[in-house]
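What follows is each chain in one-letter form.
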Amino acid sequence: MPKRHRASQMRNRKFLDPKKLAFENQKFKRIFKINEGLRSHNLELLRECGRKEGFVNDAMRRRVWPVLLRCEETIGEPLEILTNTHKDESQVALDVPRSVNRYPPNIDDERRKALQDDLKLVILHVLRSCPSLHYYQGFHDVCTVFLLLFGVNKAIVLVEKLAIYFLRDAMLVELGPVLEELSLVDSLIMSEDEELAAFIKKSDIVPFYALSWVITWCSHDLDDLDKITRLFDFFLCSNPLMPVYFTAAVVLSRRSEILRLECEFSTVHGFLTKLPQDIDVERLIGSAIEIEGRYPPIALQYKSGIGLATISTVNTYDDLWISLDTATIIKEGEVKVDPAVLAAESEAQAKAALEIPHNERTRLPIPTKTTQIQGKDDEFKHHSEFVLDKLRRLSRQDVFMMAAISAGVGTLAFLISQDILREWILF
């Protein structure tokens, strides 16, 4: 290299920002690691990337999410035209015109209308392909994220898998499974911060405030699509209970603000329903991972005394989803089993779970007291059962009052039919 050219290079290096260089180097390492996971079809490595650092950008997500959702081989195939109708289509028709208003930003009315039409196609195809799925208001927010990243046809294929394996508990006739999972938010807060838990309990708050965070993966509450897609990276790579851990991390991160509030229902509930737009997603993800590490899903159910259904997405995650990671032919004795056959059987079991009413489901057995010290543990379980019982009672009696108190900040309202709650509206 000529001396003159080398000198010019040296001068230019003086103006390079060391922090930018370090960031670009870290970004390169992340992309290299993700590409290695894709090349080797190492789903465990990809999940590690998605949980700890995310998938860098949307271009990479378009490569990774289909692999994580086991759709990479079918995502480009022509879709079957479905002519059947689903009983929730009228509600979808009401919701779609209210969609695509926060993101993407700065689009004109014509583009928004086109996206709304596409969104309706995605939702209806998913529901028609699996009539046992029940639409909930907030599902359209989740579908919007996939639509914006993948377009109509690919979004349909991906969301079908997502609904069956990750969102299934929210797509039943009853709200019961979601209430049980929400009750674990208070269980986690009590485990991590007794003072904060006591304050929340004294203010008569139960975690209805986090319903939209959990069932829409925060896509209803955040306006920043980059933050939303980062959270989707995280949730796609985790047990379906992870939105509950994330919710606990958010509340715990705001302890000082909460404890300064007047300990009164409307004040505290109004504060908690607002998911801050400026949240530090990476820090909260790190906190959620740490909390999950201390209280894994099964251990959390034991500790709280609240056993979720054995066929819930939470408790079947390993058996019906993670077990499919095997990418080669496996042997059962002398019989070779094709992974495609295992995948079809798994999907059939997941869909069958949709048909079993909530009150007929077998619960995860909670062990009776073994060698553990009672006292604190019993107090913890009593608190968890109290929260769940109140959630159930609120779902029948007080939800419209809560909606009125929190109007304009992501409130919930529920349509009550006899003793069963089915649909919820996110304003």
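Residues numbered from 1 in each chain as written. Predicted model: local features only at pLDDT ≥ 70, side-chain atom pairs only at ≥ 80, totals over all residues. Heavy atoms only, no water.

K.L.:
Just give me the short version of the environment of Arg-30, but keep the residues and values in it.
P.N.:
As for its placement among the helices and strands, Arg-30 is situated in helix H2 (residues 18-39). Note on Arg-30: relative accessible area 18%, which makes it buried. Considered as a pair, Arg-30 and Val-56 are 26 residues apart in the sequence and their alpha carbons are 7.6 Å apart. Non-local contacts of Arg-30, meaning those with residues more than four positions away in its chain, are made with Glu-53, Gly-54 and Val-56. (Helix = DSSP H or I, 4+ residues; strand = E, 2+ residues; numbered from the N terminus. Buried < 20%, exposed > 50% of the residue type's maximum accessible area, 1.4 Å probe, protein only. Contact = heavy atoms within 4.5 Å.)

K.L.:
Lay out the pattern of salt bridges in plain terms, naming residues and giving numbers.
P.N.:
In this structure the tally under the stated criterion is 22 salt bridges. A salt bridge links Arg-51 to Glu-292; the shortest N-O distance between them is 2.8 Å. Here Arg-51 is found in helix H3 (residues 43-52), whereas its partner Glu-292 is found in helix H16 (residues 281-294), with 241 residues between them in sequence. For the pair Arg-51 and Glu-292, one class covers both residues: buried. (Salt bridge = Lys/Arg side-chain N within 4 Å of Asp/Glu carboxyl O.)

K.L.:
How would you sum up the environment of Ala-348? Please name residues and give values.
P.N.:
Assignment of secondary structure puts Ala-348 in helix H19 (residues 339-353). Between the alpha carbons of Ala-348 and Leu-320 there is a distance of 9.9 Å; along the sequence they are 28 residues apart.

K.L.:
Quick rundown of the nonpolar core? Include the residues and the values.
P.N.:
Within the largest apolar cluster, 119 residues are counted, with the highest numbers of intra-cluster contacts made by Trp-65, Phe-139, Phe-146 and Phe-246. Among the elements that line this core, the one with the most residues is helix H8 (residues 152-165), at 10 residues. Not counting residues within four places of it along the chain, the set of residues in contact with Phe-146 comprises Trp-65, Leu-69, Gly-151, Ala-155, Leu-158, Val-159, Leu-162 and Phe-232. (Core = buried A, V, L, I, M, F, W, Y, C linked by side-chain atoms within 4.5 Å.)

Honestly, it's all geometry; don't read function into it.
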